[in-house]
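Each chain, written out:
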Amino acid sequence: MLGTVASMFELSGVGLHSGVVTNVRVLPASSGEGRYFVRVDLPGEPVIPARLEAVSQTLLSTQLGEGEISVRTVEHLLAALAAMGVDNARIEIDGEEVPLLDGSAKIWCDAIAAAKLAGEQVGRGHQGHSNRGEFESVFSPAQEQQPIWVHQGDAFVAAIPSPELRFSYGIDFDLPAIGNQWYSWSPSCESFSEAIAPARTFGLLHQIEELRAKGLIKGGSLDNALVCGADGWINPPLRFANEPVRHKILDLVGDLSLLGSFPVAHFLAYKASHNLHIQLARRILDGNW
């Protein structure tokens, strides 16, 4: 199994909520170490494991940590690492929030492909529709396992026993440019790096001032997020006609990666959130999937 990157890579950028520029270095790690963050800007360089137990907040992003030591908006980077077969990685960061980059996981995936995976032959990267290395870390639930559902109002997320790993998501917005969208994706049919990773985060124009007044999305811009108003998209073109719902799958993959390995299941969500994603992951962990 391909478990870590073959060489270090480094990226920098502004955090979505903090508006602060941070630097991230992803380095190889030994088998069994897992994926973990190191706050190199703090005394003693505290370690924050990228595990479900470390989740400390889920307001418009997923945050890991304990007390004042934390790292926020981890979902895009973790989705890219986990989906591309990087089970073990030391992630050094000099601030409290992972850079948003272009709002997707594409730049992270490109950096991982360039760094290569341990054991990957020189000259062989993620090209075409090859899924080499993607989603290699999965485990199968017991066949008698029952579906798990978590809901809040009409929003829900579920894990349903399945012969293959699949993610299906639905969203529904009053804005005509988004409307009702559904997308179902399986890594056995489409590459994560091509079908899901490029999908960017999106926001609603009428909510921006309210969120900024609450101290959120201070680093958001038309360069790192899609913005939709009553008259349509403020900063087209979209990378996919259904880019918003594909991005929700990206977030779900990142949040479920905190389990360490992906259960072979059909994950089904509708109008869900980071909070519901994490609730489902905790139920899965408690249910010994």
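Shown above is the structure to which this text applies.
Everything quoted here is computed from the prediction, not taken from an experiment. (Residues numbered from 1 in each chain as written. Predicted model: local features only at pLDDT ≥ 70, side-chain atom pairs only at ≥ 80, totals over all residues. Heavy atoms only, no water.)

1. As for the nonpolar core
The condition that has to hold: The nonpolar core is taken to be a set of buried Ala, Val, Leu, Ile, Met, Phe, Trp, Tyr and Cys residues, with the residues joined through side-chain atoms within 4.5 Å. Exposure categories follow from relative accessible area, calculated using a 1.4 Å probe and restricted to protein chains: below 20% of the type maximum is buried, above 50% is exposed, and the middle band is partly exposed. Counting from the N terminus, the helices are the DSSP runs of H or I reaching at least four residues and the strands are the DSSP runs of E reaching at least two. We call two residues contacting when some pair of their heavy atoms lies within 4.5 Å.
Within the largest apolar cluster, 77 residues are counted, with the highest numbers of intra-cluster contacts made by Phe37, Leu64, Phe167, Trp185, Phe192 and Phe267. Top contributing element to this core by residue count: helix H1 (residues 75-83), with seven residues. Setting aside anything within four residues of it in sequence, one finds Phe167 in contact with Phe135, Tyr183, Ser184, Trp185, Ile249, Leu252, Val253, Leu256, Phe262, His266 and Phe267. In this structure, Ile208, Leu216, Ile217 and Val227 belong to the second largest nonpolar core, which totals seven residues.

2. A short note on the packing of aromatic side chains
Applicable threshold: Two rings from Phe, Tyr or Trp (for Trp, the six-membered ring) form a pair when their centres sit within 6.5 Å of each other. Planes less than 30 degrees apart are called stacked, planes more than 60 degrees apart edge-to-face, and all others tilted.
Tallying each qualifying case throughout the model produces eight aromatic pairs. Residues Phe156 and Tyr270 carry aromatic rings whose centres are separated by 6.1 Å and whose planes lie at 40° to one another, so their mutual orientation is tilted. Within this pair, whereas Phe156 is found in strand E11 (residues 155-161), its partner Tyr270 is found in strand E18 (residues 265-270), the two being separated by 114 residues in sequence. Ring geometry for Phe167 against Phe267: centres 5.4 Å apart, planes inclined by 20°, an arrangement best described as stacked.

3. Some thoughts on helix H6 (residues 274-286)
Helical geometry: 3.6 residues make up each α-helical turn, so side chains three or four residues apart lie on a common side. What counts is decided by this rule: The span expected for a helix works out to 1.5 Å for each residue beyond the first.
The first and last C-alpha atoms of H6 sit 18 Å apart over 13 residues, in line with the 18 Å expected at 1.5 Å per residue. Among the residues of H6, His274, Leu276, His277, Ile278, Leu280, Ala281 and Ile284 are the ones counted as buried.

4. Looking at the side chain of Asn88
Defined as follows: The definition of a polar contact used here is a pair of N or O atoms within 3.5 Å, where within protein one atom must be able to donate a hydrogen and the other to accept one, and adjacent residues in sequence count solely through side-chain atom pairs.
Its location among the elements puts Asn88 in the loop between H1 and strand E8 (89-93). One polar contact links the side chain of Asn88 to the main-chain amide nitrogen of Gly34, over a distance of 2.8 Å. In this structure, Asn88 is in contact with Gly3, Thr4, Val5, Ala29, Ser30, Ser31, Gly32, Glu33, Gly34 and Arg35, ignoring residues within four places of it in sequence.

5. Looking at the sheet that holds strand E6 (residues 63-66)
By way of backbone hydrogen bonds, the strands of a sheet pair with one another, either parallel or antiparallel. Rule in force here: Should DSSP find at least two bridges between two strands, the strands are regarded as paired. To get an axis, fit a line to the C-alpha atoms, keeping to the stretch in contact for a helix; angles then go from 0 to 180 degrees between the N-to-C directions.
The three strands are arranged E5-E6-E7 in an open sheet whose pairing can be described as antiparallel. On the outer flanks of this sheet lie strand E5 (55-57) and strand E7 (69-72), each paired with one strand and no other. The sheet shows a mean angle of 40° between the axes of neighbouring strands, direction not considered. By the bridge criterion, two bridges tie E5 to E6 in an arrangement that is antiparallel. Within E6, the residue paired with Gln57 across the bridge is Gln63.

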